[in-house]
Amino acid sequence: MAEQKAPQMQATLGLTGLTSNAMALIAPGAFLWLTFFIQATTGTTAPAMWLGIFGALLLCLATAVAYAEISKLYPGTGSSYYYAEQAMLSKDAAFKYARIAKFIVGWGSHLYYWVYPGVMVATTGIFVGYVVGFLYPSFISGGNPGPLFMASVAIVFSFFVAWIAQKGAGASTAVNLAINIIQISALLVFSVLALGYRVNHPAGSTGFQYDAQTQSTYTYQFATKPDGSIIRDANAAPLPLLDAAGKPLPYQITYPEKDSNGAFLTHTTASSVISPHKFSFLFIQATVAILILVGFESVTSMGGEAKNPTKHIPIAVIGSLLIQGLVCYLIEYFAANYFLNSGYTMQSAAGSAAPIGDMMIIVGDALLGQGNGKYFMLAEAFTVFLALIGTTLSCMNTGARVTYAMGKDDEAPQHFGVLHAGSLTPRRAIWTLAVISAVIGVIATTLVFADAGAPSDATIAALPHGIFSSFGYTNHDQLAALPNSLLTITLTSNFGTFILYALSCFLCIVAFWKRPDFNVVLHLIIPGFGLLANLVLMAFYIISPVFGLGTFKEPLLALGISAVWGIYGAIYFLRTSKAKGKSILLESRTTVL
């Protein structure tokens, strides 16, 4: 009887499929909605949000070139993990470090690929809480959803996406292609409306003032108590401030840069949106903004499923980043930042579960008539939910395949290196990642409104009472003293990204060094810049707390988590090497790894 071969991945993905999978992970529909809130709460650096994204984009483009070039040499499953081994084996002096190099890259990449899906399922919990709170305000607050509700959604969503992922790359690609088309179209529509609102509402003109508690807009000034809190009627709607004749005073839009405490409010000019304000702000914002741009490298983990990997994967890597990052993000983030006005400021955004959803209600009211903006927001929210499916699905597929490659090499538990006979997917890695993502999602949603996003005591008191709506909220001072759990997890994922991208740029230099096709620009200058840029942003995890730039608790916690992961990895590598009798350094290129 012929020996039965183990299931192997099938080459089914062309250029469109590969690009769609990468674009889904850089989903602008999901991240404009979700990450704007995270960036708005990053201390005093929010004015440099757009330029932080641009800086992160330059870093990613340099890293993308490194990935594109090295993928031409080594098509295969495993992305940087596989490249590390092959690059070292190609060198006479460095081949002995092949095993330890690939383990370091693979282990480090898991800090990104295993944490990132957790960030996505957590933000999905926040997103769903916002929408449900909008539809059923007596059950839950849309502006400040209950942590238990958000955590429950995160768990369900994690396993739902894993269910799609385990069906195979074909199913995932079809989903991602449709989602890309829908979300890009929807977010560009919002961008046009946001810019139109700013242009048509110069300072002094009558416009809308947004109320977070009712999630509605009003054309009059709010009546307030001596302490500044809004006076409301029995339905919680803000009462108008009346003039001498007893008529509501219309709300006139202004564009103040800062409030009396120095907190940033709005951009007074278009040039303010794209300026650094302070040069250090650019770096702080970039450490967060990297979250929205990562994913272009995901297709390099699908070399085993690509029809023409050496030709199509490099194009997909660069193309996906240019389309989503250079075009979609820079337009959308400019529009959202330029839209800010006295009726909805950056401080309003920092205190909301979904600032972009709030903005959509405002521009929708301006377009469709007051009270009808909610329909525009809900329609856009549907596309965002689709984008969340796409980006989480793409990352789970990538992470599972890197884990699969390590399991197949016996550098991780071997059961991870087995493909399902029917779907030809690494199902054990996928479902393990689903569990990890659910746990991280729960942690990330526990204190999502802590630190700079802490709601006022009046807001907390107004929350609907119930285990899914108010459980987990204490008071403003206590929440403000605690680290923001979502920002902490996001920075942890981003630190893993910087590690992986820096190592990948270095591997590109190593792989092409002294080869006949070595190009000084493509294989030294560009990846060299990427390596340096990644290291600089990693350094800002320490620099920012020391010099009081932005927030300080979350970067230090992220560094602590990363250090624990690294120490555990070193212990795991040494112990398993000894137990399996595997040499840390290779004696020859023919050594079985």
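Just above sits the structure.
The structure displayed is predicted, hence computed values, not measured ones. (Residues numbered from 1 in each chain as written. Predicted model: local features only at pLDDT ≥ 70, side-chain atom pairs only at ≥ 80, totals over all residues. Heavy atoms only, no water.)

### Focus: the overall build of the protein chain
Operational definition: Helical segments are the DSSP runs of H or I of at least four residues, strand segments are the runs of E of at least two, and each set is numbered from the N terminus. Under the scheme applied here, a residue whose accessible area is under 20% of the maximum for its type counts as buried, over 50% as exposed, and between as partly exposed, the area being computed with a 1.4 Å probe on protein chains only. Any two residues whose heavy atoms approach within 4.5 Å at even a single point are treated as in contact. Accessibility throughout is a Shrake-Rupley quantity obtained with a 1.4 Å probe, and a residue counts as covered only by protein chains that appear here. Under the convention used here, Asp and Glu are negative, Lys and Arg are positive, and both His and the chain ends fall outside the count. All charge positions are set by atom: Lys at NZ, Arg at CZ, Asp at CG, Glu at CD.
When its secondary structure is counted, the protein chain shows 20 helices and two strands. Relative to its full complement of 593 residues, the protein chain shows a buried share of 58%. When contacts within the protein chain are restricted to residue pairs at least 6 apart in sequence, long-range pairs at least 24 apart make up 78% of them. Put simply, the protein chain shows about 22300 Å² of open surface, and 67% of that area lies on carbon and sulfur atoms. Computed over 28 positive and 25 negative side-chain charges, the separation of the two mean positions in the protein chain equals 12 Å.

### Quick word on the packing of helix 3 (residues 49–73) against helix 10 (residues 279–293)
Note the cut-off: Every angle, taken between N-to-C directions, lies between 0 and 180 degrees, and every axis is a line fitted to C-alpha atoms, over only the stretch in contact when it is a helix. Should the near helix be turned anticlockwise from the far one by less than a right angle, the crossing is termed left-handed; should it be turned clockwise, right-handed. Only Asp, Glu, Lys and Arg are considered charged in this grouping, and only Ala, Val, Leu, Ile, Met, Phe, Trp, Tyr, Cys and Pro are considered nonpolar; every other residue, Gly among them, is considered polar.
Contact geometry for helix 3 and helix 10: axes closest at 7 Å, N-to-C directions at 65°. Handedness of the crossing formed by helix 3 with helix 10: right-handed. Where helix 3 abuts helix 10, its residues M49, L51, G52, I53, A56, L57, L59 and C60 lie against L282, Q285, A286, A289, I290, I292 and L293. In the contact of helix 3 with helix 10, the residues fall into 13 nonpolar, two polar and no charged.

### Remarks on unusual backbone geometry
The phi angle of most residues is negative, glycine excepted, and most peptide bonds adopt the trans form. Even without being glycine, Q215 reaches a positive phi, approximately 55°. The exposure class of Q215 is buried, given its relative accessible area of 6%. A positive phi angle, close to 65°, is found at H277, a residue other than glycine. Here H277 lies in the loop between helix 9 (270–273) and helix 10.

### Side note on the pattern of salt bridges
Worth spelling out the cut-off: One side-chain nitrogen of Lys or Arg within 4 Å of one carboxyl oxygen of Asp or Glu is enough to make a salt bridge.
Per the counting criterion, the structure on display carries nine salt bridges. One salt bridge in this structure joins K580 and D410, with 2.7 Å as the shortest N-O distance. Here K580 is found in helix 20 (residues 553–580), whereas its partner D410 is found in the loop between helix 14 (373–408) and helix 15 (427–446), with 170 residues between them in sequence. Using a relative accessible area of 38% as the deciding quantity, one classes K580 as partly exposed. Under the relative-accessibility criterion, D410 is labelled buried at 19%. Between K582 and E411 there is a salt bridge; the shortest N-O distance is 3.6 Å. Separated by 171 residues along the polypeptide, K582 in the segment after helix 20 and E411 in the loop between helix 14 and helix 15 bring together distant segments of the chain. On the basis of relative accessibility, which here comes to 1%, the residue E411 falls in the buried class. Several salt bridges share partner residues, and in doing so they unite E85, K102 and D409 into one network.

### Some points on a nonpolar patch on the surface
How we decide: Two joining distances apply to patches: 9 Å for like charges and 5 Å for nonpolar side chains (Val, Leu, Ile, Met, Phe, Trp, Tyr), and every residue must have over 30% relative accessible area and no salt bridge.
A surface patch of nonpolar side chains, amounting to about 680 Å² of accessible area, comprises I155, F159, F160, W163, W431, V435, V439 and I443. Elements represented by at least two residues in the nonpolar patch include exactly helix 7 (147–165) and helix 15. Tracing the chain through its elements places F159 in helix 7.

### Here we look at the side chain of S577
With respect to the element layout, S577 can be found in helix 20. A relative accessible area of 3% means that S577 is categorised as buried. Leave out the neighbours within four places in its chain, and S577 touches R99, K582 and I584.

### Some remarks on helix 18 (residues 485–512)
Condition: Each helix should span, by expectation, one fewer than its residue count multiplied by 1.5 Å. The term polar contact refers here to a pair of N or O atoms within 3.5 Å; inside protein, the definition further demands a hydrogen-donor-capable atom paired with an acceptor-capable atom, and it admits residues adjacent in sequence only when both atoms are side-chain atoms.
End to end, helix 18 covers 41 Å across 28 residues, agreeing with the expected 40 Å (1.5 Å per residue, within 8%). Taking burial as the measure, the 28 residues of helix 18 include 25 buried ones, the bulk of the element. Capping the start of helix 18, N484 holds a side-chain oxygen 3.0 Å from the backbone nitrogen of L486, two or three residues further along. Just past helix 18, the residue K514 takes up positive phi, approximately 65°.

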